[in-house]
Amino acid sequence: YGESENELRSRLEDELRIEELKRRHIRSKRSISPKKLREYYRDHPDEFAEDGRISFRQLLIAANDPDQPKMVMEINSALENAENFENVVKKWSMGPRQETGGLYNMTESRLDARFPPVPEVVRSLKEGETSKWFLCRGYSHKIYLVKREPGGALDFTKAQSKIRQILTSKIEDEKRIEFQKHLWRNTSIEIFINGLVLPIQ
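Residues numbered from 1 in each chain as written. Predicted model: local features only at pLDDT ≥ 70, side-chain atom pairs only at ≥ 80, totals over all residues. Heavy atoms only, no water.

Side note on the overall build of the protein
The cut-off we apply is this: Runs of E in the DSSP output that reach at least two residues are strands. Runs of H or I that reach at least four are helices, and both are numbered from the N terminus. Contacts are assigned to residue pairs that have any heavy atoms within 4.5 Å of one another. Accessibility throughout is a Shrake-Rupley quantity obtained with a 1.4 Å probe, and a residue counts as covered only by protein chains that appear here. In this tally, Lys and Arg are treated as positive and Asp and Glu as negative; His is ignored, and so are the chain termini. Every charge is mapped onto a representative atom, which is NZ of Lys, CZ of Arg, CG of Asp or CD of Glu.
On a plain count of helices and strands, the protein comes out with 7 helices and 4 strands. Listing every helix and strand of the protein by position from the N terminus yields α-α-β-α-α-β-α-α-β-β-α. If you line up the protein on its principal axes, its C-alpha atoms span 100 × 65 × 45 Å. Counting contacts in the protein only where the partners sit at least 6 residues apart, residues at least 24 apart contribute 65% of the total. When the accessible surface of the protein is split by element, carbon and sulfur atoms take 52% of a total near 15500 Å². In the protein, 36 side chains carry a positive charge and 33 a negative one; their mean positions are 4 Å apart.

Here it is, written out as structure tokens:
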């Protein structure tokens, strides 16, 4: 039918293999039951926690600006007179997010990646509280905490893929170790030393 002998052999090889596999009852030795997935999820809650989120506004004034002391005094006066922190940021801040009122919304882990002492200052505040001025990377900073959302347990439907990977990896490690033990149990080692002749028994 227009096929070469090699093409026919290749196709028949695949077909025969498929037919043979259909006749066999094959079970995967790496399958993880739903029960084991849920048991691991229940026994390791710390591994499946969603990261908390935190929102804050940040006001920055260059520390080397000759008018810095004057600006700090005017900002303090505005905040003492209950002026909105967002508006103060838009008016005075020299930071990259001046137009958005210095707003940052991020996970707790992303907050940890910021330069100290920003994470420590943010975590020390209560919602609606403003920090004192502090110096960081050449700027005087003032932070207002908008909202803190604590992290919760990761839903099982989102966690089960990660759990399956963990348990599958564990099974593979156990099989590898057992294979290595089997090799050592059934291995004989002979050491040949050049020039050494053992007497014939």
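Considerations on the nonpolar core
Heads up, the rule is: Residue types Ala, Val, Leu, Ile, Met, Phe, Trp, Tyr and Cys, when buried and joined through side-chain atoms within 4.5 Å, form a set referred to as a nonpolar core. The buried label applies to any residue whose accessible area, calculated with a 1.4 Å probe on protein chains only, is under 20% of its type's maximum; exposed applies above 50%, and partly exposed to all values in between.
Judged by nonpolar contacts, the single largest core of 13 residues is most densely connected at Ile54, Phe56, Val122 and Ile143. Residue assignment for this core shows that the elements contributing at least two residues are strand 1 (53–62), strand 2 (103–107), helix 6 (118–124), strand 3 (134–136) and strand 4 (139–149). Element by element, the count of residues in this core is highest for helix 6, at 3 residues. Setting aside anything within four residues of it in sequence, one finds Val122 in contact with Ile54, Phe56, Leu111, Ile143, Leu145 and Arg148.

Focus on the packing of aromatic side chains
Applicable threshold: Each aromatic pair joins two rings of Phe, Tyr and Trp (for Trp, the six-membered one) with centres within 6.5 Å, and gets the label stacked for planes under 30 degrees apart, edge-to-face for over 60, and tilted for any other angle.
Under the criterion given, the structure shown has 5 aromatic pairs. Considering the side-chain rings of Tyr40 and Phe48, the 6.2 Å spacing of their centres and the 75 degrees angle between planes classify their relative orientation as edge-to-face. Relative accessible area serves as the criterion here: at 15%, Tyr40 is assigned to the buried category. Summarising the aromatic geometry, the rings of Tyr41 and Phe48 are spaced 5.9 Å apart at their centres and angled 35 degrees between planes, so their arrangement reads as tilted. For Phe48, a relative accessible area of 2% puts it in the buried group. An aromatic cluster is defined as three or more aromatic residues linked by ring pairs; in this entry it consists of Tyr40, Tyr41, Phe48 and Phe156.

Notes on the packing of helix 2 (residues 34–43) against helix 7 (residues 156–185)
Note the cut-off: The axes are straight lines fitted to the C-alpha atoms, using for helices just the contacting stretch, and the angles between their N-to-C directions are given from 0 to 180°. Between 65 and 115 degrees an angle is taken as roughly perpendicular, under 35 as roughly parallel, over 145 as roughly antiparallel, and anywhere else as oblique.
Remark: helix 2 packs on helix 7, axes separated minimally by 9 Å, with the N-to-C direction vectors making an angle of 100 degrees. One element, helix 2, and the other, helix 7, form an angle in the roughly perpendicular class. Seen from helix 2, the contacting residues are Lys36, Leu37, Arg38, Tyr40 and Tyr41; seen from helix 7, they are Phe156, Ala159, Gln160, Ile163, Arg164, Ile166 and Leu167.

Quick word on the sheet that holds strand 2
Going by this rule: Two strands form a pair only when DSSP identifies at least two bridges running between them.
Pairing within the open sheet is antiparallel, and its 4 strands lie in the order 2-1-4-3. Pairing within the sheet leaves two strands with one partner each, and these edge strands are strand 2 and strand 3. With direction set aside, neighbouring strand axes in the sheet form an average angle of 45 degrees. When strand 1 meets strand 4, the two strands line up antiparallel, connected through 10 bridges.

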